[in-house]
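# Residue-level structure breakdown
Given next are the chains, with one letter for each unit.
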Amino acid sequence: METTPQFFKHGPSSLVRLVFFIQLSLALMVVDTHFKYLYEVRQTIAVVLYPIQNLAYLPTAISNLANNFFIARDLADENAHFKQQHLIDSGKLQQLSALTIENEHLRKLLEATPKNKSKAILAEIRSVPRDPFNLTIILDKGSQNGAQNGQVIVDNLGVIGQITHTYPWSSEAALITDKNHSVPVQILRNGLRSVASGTGKYKTLELNYMANNVDIQEGDQIVTSGIGDVYPSGLPVALVSKVKRDISSAFAYIICTTIAGVDRNKQVLILSPQLPPENLMDSANIYLEDKESEKNDAH
Amino acid sequence: MTPTNYSKEEITLPAKGWFIILSLLVGLLLNLLPVNESLLILRPDFVALVLLFWGVYQPQRVGMSVAFVMGLLMDVVNSSMFGQHALAYSVMIFIVLLLRRRIHVFGLLKQAPQIGLLLLFAQFIILLTELLKRSDFPGWHYFLASFTGMLLWPLISLLLKMSHSSKHDPNAL
C-alpha cells in the first residue's frame, strides 16, 4: 500500500543499480589509489563543503575564545615565563647567528652548496578525521595561503608530517606515523643515516633495514638528515624507544616514539624549503616509490 | 508517545526535499566535529544513521544514489579513499530497502539492534577495503562506533520523525 506498485516503477531494478554502484565505487577506489586523476574532483567537493567544515570548527573556536577570556589572570605568570624564555633564547640566537656566519664561511672555503633556508607559514590543526586507518590532519591553510603539496609540518617540538592534498583554504597532511610515509633521518649522537617509516600506530616509527650490530641505543634522538631536500635538516623527529637485536634475523628491530604531539587545537608551522615546487613533488614521489620498491624487495 | 503510536499514514507522509538534505548535512557536520581521542572511537557515523532513517521511512526519496553521493562527500571530508564510504553506504541502503517493511513492524527500540547490524556491516565493508589496501587491523574497538550508533538510533529517529511530522501536521489536517 505504501509504495507504488511494481507495474508503475520506472528505471532499472534495485539489484542492477546496486551492482552499478558497487562497480563505480570500486573503480573510483582503484583510480584514487593508483592514479591522480580524481584530484580535481576531490578539490571541488572540498571547496563546496568548506562552509560545513568551518561550521564544525565553530564550537571549538568559541570554547577557545571562552578559555582565553577566563585564563586572563594566568597571563601575568605566562608573560614572566616567556620573558625568561626569551632571554635564554635570544642568548642562544646570538650564538646561532655567529655560527651561521661561520658555517657560511667554512662552506665557502669548502665550496660546498649552501644549506636551504626555509620560510614558514603559521597554521592551525582544524580536525582529525574519524577514520582509524589514515593518520591525517586537516590544516586551516590552503593553496591560497601558500601551502603546497610536499611541504613539511612541524610544531614547537618536532616534525609532525607532510602536506599531501591542498585545497584552496585548507590542506590535508599525512602524519609521519602514517604507514605509507617515511622520513630520511640521522642519529644525532653519531650521524648515522637511516629512513624512519611510519607504522600506522599512534606516535610510533620504525627504522628499517638497520644491521644487527648497528650503533643505536635506546634514548637516542633522531633528527631529519635533509637528504632529498624535502625535509630541512636538523628537525627533531623521534626518540629511539626500543632496540631489539635478534641473531636469527638480518636486521635489528628499532622502534622510535615521535617527539611532536598531534593533539587538537595546536598551532603548527608549514615549512617550505626554497625549491621549485616541481622538484619538491618529484623528491616526495621518489621517496614513496623508493619505499614501495624497498617493501617489495623485502617481501 | 510510544513509537508504535505513529500511524502508517503519518510515517509515509512525504518529507520535504530540503529537510532531507538539511538532515544529511547536519549528519555530516556531526561527523566533522573535532573531538578528543576517546570520543573519536565512540562517535557513530551520523551520516549513515540519517541515511538509514530516510531509507526506512522515505525510500522513494533516499535510495542508493543519495547514499552513494553522501559516501563520496564523506570520503572527501574524511580524507579516505575516494569511493570507500560510497560503497559501504550504497550496499547498506540496498539492504535496508530490502528489509524496510520488516523493520517498519518493530518499535524504535526493537529496530535498534537491526540498525546496529547494518551499521556494523557498513563498517565491515570499509574495513575490508582498507585491509585490501594492506592497512593494519585497527583493533576491535573500531566496531564500538556501530554500538553507539545502535544506542543513538531511537533518539535520532524520534527527533527526525517529530521534526518532519510536526511540519506536515497543518497540511494533513
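Placed above this text is the structure.
Given the structure is predicted, the values throughout are model-derived calculations rather than measurements.

Conventions used here
- Residues numbered from 1 in each chain as written.
- Chains lettered and ligands numbered in written order.
- Predicted model: local features only at pLDDT ≥ 70, side-chain atom pairs only at ≥ 80, totals over all residues.
- Heavy atoms only, no water.
- Helix = DSSP H or I, 4+ residues; strand = E, 2+ residues; numbered from the N terminus.
- Buried < 20%, exposed > 50% of the residue type's maximum accessible area, 1.4 Å probe, protein only.
- Polar contact = N/O pair within 3.5 Å; in protein donor to acceptor, adjacent residues only side chain to side chain.
- Contact = heavy atoms within 4.5 Å.
- Buried area = accessible area lost by both parts, 1.4 Å probe.
- Salt bridge = Lys/Arg side-chain N within 4 Å of Asp/Glu carboxyl O.
- Nonpolar A, V, L, I, M, F, W, Y, C, P; charged D, E, K, R; others polar.
- Patch = residues over 30% accessible without salt bridge, like charges linked within 9 Å, V, L, I, M, F, W, Y side chains within 5 Å.
- Areas by Shrake-Rupley, 256 points an atom, 1.4 Å probe, with all protein chains shown as cover.
- 1 Å grid on protein atoms, 1.4 Å probe; cavity = no way out; pocket = protein on both sides within 12 Å on 5 of 7 lines; lining within 4 Å.
- Points joined across faces, edges and corners; volume = space filled by probe spheres on them.
- Expected span 1.5 Å × (residues − 1).
- Pairing = 2+ DSSP bridges.
- Core = buried A, V, L, I, M, F, W, Y, C linked by side-chain atoms within 4.5 Å.

### A closer look at the environment of phenylalanine 124 of chain B
Within the element layout of this structure, phenylalanine 124 of chain B appears in helix α7 (residues 108-132). Put simply, phenylalanine 124 of chain B and alanine 88 of chain B are 36 residues apart on the chain and 8.4 Å apart in space, counted from C-alpha to C-alpha.

### Some thoughts on the side chain of serine 23 of chain B
All names here are of chain B. Within the element layout of this structure, serine 23 appears in helix α2 (residues 17-32). Given a relative accessible area of 8%, serine 23 falls into the buried group. One polar contact links the side chain of serine 23 to the main-chain carbonyl oxygen of isoleucine 20, over a distance of 2.7 Å. Contact partners of serine 23, with chain neighbours within four places excluded, come to Val50, Trp54 and Leu160.

### Quick look at the interface of chain B and chain A
Across the boundary between the two partners, chain B contributes 51 residues, which contact 45 residues of chain A. Taken together, the two surfaces of chain B and chain A that pack against each other cover about 4200 Å², and 67% of this comes from carbon and sulfur. The tally of links from chain B across to chain A stands at zero salt bridges. Where chain B touches chain A, the interface holds five residue pairs in polar contact (both at pLDDT 80 or more). Only α2, α5 (64-77), α6 (84-105) and α7 of chain B provide two or more residues apiece to the side of chain B that touches chain A. Looking at side-chain class alone, the side of chain B that touches chain A contains 27 nonpolar, 14 polar and ten charged residues.

### Overview of a nonpolar patch on the surface
All names here are of chain B. A contiguous nonpolar patch, built from Leu39, Ile41, Leu42, Leu144, Phe147 and Leu151 and spanning about 520 Å² of accessible area, is present on the exposed surface. Of all the secondary structure elements, the ones that give two or more residues to the nonpolar patch are α3 (37-42) and α8 (144-172). Following the sequence through the fold, isoleucine 41 ends up in helix α3.

### Brief notes about empty space enclosed by the protein
Residues and elements named next belong to chain A. Throughout the structure, instances matching the rule amount to six cavities of 30 Å³ or more. Gln53, Tyr57, Arg126, Ser127 and Ile138 are the residues nearest the centre of the largest cavity, which is lined by 13 residues in total. Listing elements by their share of the lining of the largest cavity, those giving two or more residues are α3 (50-70), β1 (118-127) and β2 (136-139). Counting residues per element, the lining of the largest cavity draws most heavily on α3, at four residues. Within the lining of the largest cavity, the residues separate by chemical class into eight nonpolar, three polar and two charged.

### Some points on unusual backbone geometry
Across residues other than glycine, the phi torsion is negative in most instances, and most of the peptide bonds are trans. In this structure, tyrosine 209 of chain A takes a positive phi of about 55 degrees despite not being glycine. Its relative accessible area of 36% is what places tyrosine 209 of chain A among the partly exposed residues. Positive phi, normally seen in glycine, also occurs at serine 79 of chain B, with a value near 50 degrees. Mapped onto the secondary structure, serine 79 of chain B falls in the loop between α5 and α6. Among the residues examined, serine 79 of chain B registers a relative accessible area of 9% and is labelled buried.

### Notes on helix α4 (residues 46-57) of chain B
All names here are of chain B. For α4, which comprises twelve residues, the first-to-last C-alpha distance of 17 Å matches the rise-based estimate of 16 Å (1.5 Å per residue) to within 8%. Of all twelve residues that make up α4, twelve are buried, and the element is covered over most of its length. Of all the residues in α4, the buried ones are Phe46, Val47, Ala48, Leu49, Val50, Leu51, Leu52, Phe53, Trp54, Gly55, Val56 and Tyr57. The N-capping residue of α4, defined by a side-chain oxygen 3.3 Å from the backbone nitrogen of valine 47, is aspartate 45.

### A short note on the pairing of strand β5 (residues 171-175) of chain A
Residue and element names in this part refer to chain A. Most of β5 sits inside the fold, with five of its five residues counted as buried. Covered by surrounding structure in β5 are Ser171, Ala173 and Leu175 together with Glu172 and Ala174, the residues of both alternating faces. Pairing geometry for β2 and β5, over four bridges, is antiparallel. Of the residues in β5, the one forming a bridge with threonine 136 is alanine 174.

### Re the nonpolar core
Soluble globular proteins tend to pack their nonpolar side chains together in the buried interior. All names here are of chain B. Core analysis: the largest hydrophobic core is formed by 66 residues, its most contacted members being Leu51, Leu52, Trp54, Tyr89, Met92, Ile93 and Trp153. Per-element accounting of this core gives the leading share, eleven residues, to α4. Leave out the neighbours within four places in its chain, and tryptophan 153 touches Leu49, Leu52, Phe53, Leu108, Gln111, Ala112 and Ile115.

### Describing the pattern of salt bridges
A full pass over the atoms with the stated rule returns four salt bridges over all chains. Of the charged contacts in the structure, one is a salt bridge between arginine 189 of chain A and aspartate 220 of chain A, with a shortest N-O distance of 2.8 Å. Placement of arginine 189 of chain A in the loop between β6 (182-187) and β7 (193-198) and of aspartate 220 of chain A in the loop between β8 (204-211) and β9 (221-224) is noted, with a sequence separation of 31 residues between them. Arginine 189 of chain A sits in the partly exposed class, given a relative accessible area of 41%. Note that glutamate 130 of chain B is salt-bridged to lysine 133 of chain B, the shortest N-O span being 3.9 Å. Owing to a relative accessible area of 35%, lysine 133 of chain B belongs among the partly exposed residues under this scheme.

### Overview of the pairing of strand β10 (residues 236-244) of chain A
Residues and elements named next belong to chain A. As defined by bridge partners, β9 adjoins β10 across three bridges and the pair is classed as antiparallel. Following the sheet pairing, valine 223 is matched in β10 by proline 236. Turn length for the β10-strand β11 (residues 251-258) hairpin, with the two strands adjacent in sequence and antiparallel, is six residues.

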